[in-house]
Amino acid sequence: MPKFVHRVTKYDPANRDERGHYLADDDVDSDRGPIEAAYLQAVVAFAEECGIDRLSVRDPSAFLLEPDEDGMRLADLFPSLWDFHDGAEVPLEVALELVRMMLRGDEGWCLLEAGDAFFVHIGYDQYMYLGTDRPCERAAVRARRLGLFPEPMPESPYSEESEEPDGPQRPADEEFWARVHWLVASGQAGVLEESPIQHVSRWHRLTPDSVDAVRAGLAPRAMLTVWPPLSTDVAAVLASVPEDGQVEFVREDAAGTITGVRLNGEQREELAALAAGARAAAALPTTVDEHRPLASAVLPDPDGVLRARWRTTWSPCDRTWAFLNALRPGQAVTGTVTGIADTVTFVDVDGFTARIRQPELSWRWIGDPSAVVAVGRQVTAAVLGADLVREELYLSLKALQDNPLTQLADRVGELVDGVVTNVAPFGLFVRIEDRPDGLQGLVPEAESAGEAVQVGDPLTVRIIEVDLARQRFLLSRRRALD
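Residues numbered from 1 in each chain as written. Predicted model: local features only at pLDDT ≥ 70, side-chain atom pairs only at ≥ 80, totals over all residues. Heavy atoms only, no water.

To continue, consider the sheet that holds strand β12 (residues 258–264). The 3 strands lie next to each other as β12-β11-β13, forming an open sheet whose pairing is antiparallel. Pairing within the sheet leaves two strands with one partner each, and these edge strands are β12 and β13 (278–285). Neighbour-to-neighbour, the strand axes of the sheet open up by a mean angle of 25°, direction not taken into account. One ladder, built from 7 bridges, connects strand β11 (residues 246–253) with β12; its direction is antiparallel. Across the sheet, Gln246 pairs through a bridge with Asn264, a residue of β12. (Pairing = 2+ DSSP bridges. Helix = DSSP H or I, 4+ residues; strand = E, 2+ residues; numbered from the N terminus. Axes fitted to C-alpha atoms, helices over the stretch in contact; angles between N-to-C directions.)

Structure representation (structure tokens):
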């Protein structure tokens, strides 16, 4: 950010007390006349001294209300409302009109910046902050001559915050879109909310055939939120709206256009009117605690870098992504066993249900998982991998255990006594350890010496090969007789 910051206002610092509270009774609204013009000329003076003729829009927001007769509309400054997006570059002339709009409290608001060289931030009550990469003493003098009061400040209150209290922001990268495709294909998702401007959204219906087309038409750096399909039982949706809360009432009209309106549950007439012409609808909660979309992200720039500073509302899907994205294969995690099925064991790890497939419980053969794990028992396992598309986490107990075949590799050529555990057309399986889960090797038919044996018969065999990659070893009865 620029190292020099001035707060430029129409308020005389002499009218502040020792705590900085302003004591005079100035009008906090724009006069829409000479004082407003002075603010704009001050911006020009600082910009010219820094050599700035273009600025980027950052963190745009809009309240699309009907303006009064002198009100300003974003439509008068941009070919389309969606051109007023984060990162949009505008010439100084358009930037000045945006400053005018913000001073008047009209339709749009944003930060205007030029990298580390310059910024214009408009706050409440006609407070303007100008950041520059040089002292700009001539511009400060010009501002004073215009009747304004430039005061050096440590920083703008609207400067970028460095902390991320809720964790990283998920980018709408290829992995995110793979999840969207999967959610749509599985019938879980049906609507995408696109917010290139805070407080303004576009809604898109998602089908397996439309996801890529919707993606191609999104505004740069938009915030994206994926929701379940709209319900065709519009009456039931209307009845579900609480009397004492606010919802985003999303409706699809007969033409297939989807729109959303925020209303209180008490506004029953407005809700009923919206529902009357809808063929599908949803009532989405707006509070942070109840905000539970299927997925959310922010569009990165075409080079893959996420430069938008705003964040989607932190929700369970964000926490899940951040948790899974932070894990690395081989990392040890601790959790509590919550369930045991025939082929998989479920483990709660920091509130997320992970899975251990039966072959990952032990290097040894296990017939019943309960011999290794029990519900309520705490276990430590290694991360095998995280599937961010299906939001699944796979763990392994055996990855943190010594592989017994490693020691067996040093015993190739040794004679061992075992017990036949299975007779197959291609050979015999022989357990060479005196324990129920003892290691079992294969005696291929060519190495069986032609003897007739049955399950349970003792047999002396020779270890002829240990294959660690395939996790198996071969035995020979014929060579044991040599």
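Bridging between strand β20 (residues 415–424) and strand β23 (residues 458–467) involves 5 bridges; their strand directions are antiparallel. Residue pairing in the sheet places Val419 in a bridge with Pro458 of β23. As judged from the 5 bridges shared by β20 and strand β21 (residues 427–431), these two strands associate in the antiparallel manner. Its bridge partner lying in β21, Val423 is registered against Leu428. With antiparallel pairing between neighbouring strands as the criterion, β20 and β21 make up a hairpin whose turn holds 2 residues.

Moving on, we get to a negative patch on the surface. Residues Asp25, Asp26, Asp27, Asp29, Asp31 and Asp125 make up a contiguous surface patch of negative charge. Of note, Asp31 is situated in the loop between β1 (4–9) and α1 (34–50). Classification of Asp31 as partly exposed rests on a relative accessible area of 34%. (Patch = residues over 30% accessible without salt bridge, like charges linked within 9 Å, V, L, I, M, F, W, Y side chains within 5 Å. Areas by Shrake-Rupley, 256 points an atom, 1.4 Å probe, with all protein chains shown as cover. Salt bridge = Lys/Arg side-chain N within 4 Å of Asp/Glu carboxyl O. Lys, Arg positive; Asp, Glu negative; His and termini not counted. Charge placed at Lys NZ, Arg CZ, Asp CG, Glu CD. Buried < 20%, exposed > 50% of the residue type's maximum accessible area, 1.4 Å probe, protein only.)

The subject of this paragraph is the packing of α1 against helix α2 (residues 92–104). The interhelical angle for the contact between α1 and α2, taken along N-to-C directions, is 140°, at an axis separation of 10 Å. Relative to α2, α1 is oriented oblique. Crossing of α1 over α2 shows right-handed handedness. Side by side, α1 and α2 meet where Glu36, Tyr39, Leu40, Val43, Val44 and Ala47 of the first sit next to Leu92, Leu96, Val99, Arg100, Leu103 and Arg104 of the second. For the contact of α1 with α2, the per-class residue count stands at 9 nonpolar, no polar and 3 charged. (Parallel < 35°, antiparallel > 145°, perpendicular 65-115°, else oblique. Left-handed = near helix turned anticlockwise from the far one by under 90°. Contact = heavy atoms within 4.5 Å. Nonpolar A, V, L, I, M, F, W, Y, C, P; charged D, E, K, R; others polar.)

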